[in-house]
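Fold and geometry: a report
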Amino acid sequence: MKCKKNIIITIIIVLSFLIAVVIWFAYKIHQNKQKSYTPDIYTREEVLQLYEDNKEQFKEVVDILANSEEFHEKGRVYEGDYPFLSNPYDKMQYFTEEDRIKLKEFFEHKPYMLTYRGQSVKITFINDKRSMAYTFLFWFGDDERFEEHLSYLRQNNYVEIIEDKIIIYEYVGNGQ
């Protein structure tokens, strides 16, 4: 009788352990599904309209990226690289709680990447050709460097100035 009781207790313990393991795996799978992120695809008109409808939000995100010293220092993947965000989950620890909320709200527009580049911030969206992107460049560095950078971009990109020191460009290869 005592042996039968021990067997039943052992079976209950093993089953409880197996159920706990299954629940843990289900939780991890659910958690990973919640963190998946896929950028949207935009036409040129759509991305320009998105900017027009959300100018203040774009500028707010630029300010957040431009002013986060911790992000500038730790948001790089490789030494010499520029700090960037490619989804609403990665590298959020480098921002204040208030800024995290604003960045996550911006990622609802499904951009491809947000990049801090020293004198500018780039916000990139995948274009409808799926091989290239539309990139907004918000420049806050000196004027002379802006003109140099603009000249460089025009070599292989279709460039449009949409506001003072705010441009959108699309790579078109050699020549336009």
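Regarding helix α2 (residues 44-53)
Those residues of α2 lying buried are R44, V47, L50 and Y51. In an axial view of α2, the angular spread of the buried residues amounts to 130°, which keeps them on one side of the axis. Residues of α2 that are exposed and point more than 90 degrees away from the buried face comprise E45 and D53.

Describing the confidence of the model for the protein chain
When the pLDDT values of the protein chain are averaged, the result is 86; 88% of them are 70 or greater. Of all the helices and strands in the protein chain, helix α1 (residues 2-34) carries the lowest mean pLDDT, 68, while helix α5 (residues 97-106) carries the highest, 97.

Structural notes on the side chain of K165
In this fold, K165 is placed in the loop between β6 (157-163) and β7 (166-171). For K165, the side chain forms a polar contact with the main-chain oxygen of G141, separated by 3.5 Å. When neighbours within four sequence positions are excluded, K165 is seen to be in contact with L137, F138, W139, G141, D143 and F146.

Comments concerning the pattern of salt bridges
The tally for this structure, following the rule as stated, stands at 10 salt bridges. R145 is paired through a salt bridge with E148; the nearest N and O atoms lie 3.9 Å apart. Pair noted here: R145 and E148 are both in helix α6 (residues 143-153), with a separation of three residues, about one helical turn. According to the relative accessible area criterion, R145 is partly exposed, its value standing at 42%.

Cut-offs used in this document
- Residues numbered from 1 in each chain as written.
- Predicted model: local features only at pLDDT ≥ 70, side-chain atom pairs only at ≥ 80, totals over all residues.
- Heavy atoms only, no water.
- Buried < 20%, exposed > 50% of the residue type's maximum accessible area, 1.4 Å probe, protein only.
- Helix = DSSP H or I, 4+ residues; strand = E, 2+ residues; numbered from the N terminus.
- Arc of directions from axis to C-beta.
- pLDDT = per-residue confidence, 0-100.
- Polar contact = N/O pair within 3.5 Å; in protein donor to acceptor, adjacent residues only side chain to side chain.
- Contact = heavy atoms within 4.5 Å.
- Salt bridge = Lys/Arg side-chain N within 4 Å of Asp/Glu carboxyl O.

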